[in-house]
Amino acid sequence: MEKTNKAKKPSWFKELKAEFNRIIWPTKERIAKETTVVVICAIIIGVIVAVLDVGIQYGIQTLVG
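Residues numbered from 1 in each chain as written. Predicted model: local features only at pLDDT ≥ 70, side-chain atom pairs only at ≥ 80, totals over all residues. Heavy atoms only, no water.

1. Some points on the overall build of the chain
Then step 1. In terms of regular secondary structure, the chain is built from two helices and zero strands.
Then step 2. Buried residues in the chain amount to 0% of all 65 residues.
Then step 3. With an accessible surface of roughly 7,000 Å², the chain has 68% of that area assigned to carbon and sulfur atoms. (Helix = DSSP H or I, 4+ residues; strand = E, 2+ residues; numbered from the N terminus. Buried < 20%, exposed > 50% of the residue type's maximum accessible area, 1.4 Å probe, protein only. Areas by Shrake-Rupley, 256 points an atom, 1.4 Å probe, with all protein chains shown as cover.)

Below is the structure:
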C-alpha cells in the first residue's frame with residue numbers, strides 16, 4: 001500500500017474566524033435607523049389591521065342584526 005500525502009485542511013474554527021472577519025458589520029446608527037423603520041411599519045400595519053377588523057365587525061353586525 002502506498003501512503004498518499006493529503007493536503008492539510010485548515011481547522012473549522014480558523015475558517016469560521018476568517019469568514020467572520022469578512023463580514024461588514026452595520027454601524028449603531030444604521031441599526032437604529034432600520035429598527036425605527038421596522039417599528040413604524042409594524043405600528044402602521046397594526047393600525048390598518050385594527051381599522052379593517054372594526055370595519056368588518058361593524059359590517060357583519062349590520063348584516064346579521
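Moving on from the model shown.
2. Considering the pattern of salt bridges
Then step 1. A full pass over the atoms with the stated rule returns two salt bridges.
Then step 2. Across the pair Arg22 and Glu19 runs a salt bridge, and its minimum N-O distance is 2.4 Å. Here Arg22 pairs with Glu19, and both are found in helix H1 (residues 12–22), just three residues apart, close to one helical turn.
Then step 3. Arg22 gets classed as exposed once you look at its relative accessible area, which sits at 58%. (Salt bridge = Lys/Arg side-chain N within 4 Å of Asp/Glu carboxyl O.)

3. Considerations on a nonpolar patch on the surface
Then step 1. A cluster of nonpolar residues, Ile40, Ile44, Ile48, Leu52, Ile56, Ile60, Leu63 and Val64, forms a patch on the protein surface that exposes about 850 Å² of accessible area.
Then step 2. Note on Val64: relative accessible area 72%, which makes it exposed. (Patch = residues over 30% accessible without salt bridge, like charges linked within 9 Å, V, L, I, M, F, W, Y side chains within 5 Å.)

4. Looking at the packing of aromatic side chains
Then step 1. According to the stated counting rule, one finds two aromatic pairs in the structure shown.
Then step 2. Ring centres of Trp12 and Phe13 lie 5.1 Å apart, and the angle between their planes is 80°; on these two criteria the pair is classed as edge-to-face. This pair shows no difference in class: Trp12 is exposed, exactly as Phe13 is.
Then step 3. Centroid distance Phe20 to Trp25: 6.3 Å. Interplanar angle 10°. Geometry classified as stacked.
Then step 4. Residue Trp25 is classed as exposed on the basis of its relative accessible area, which comes to 57%. (Phe/Tyr/Trp six-rings, centres within 6.5 Å; stacked < 30°, edge-to-face > 60°.)

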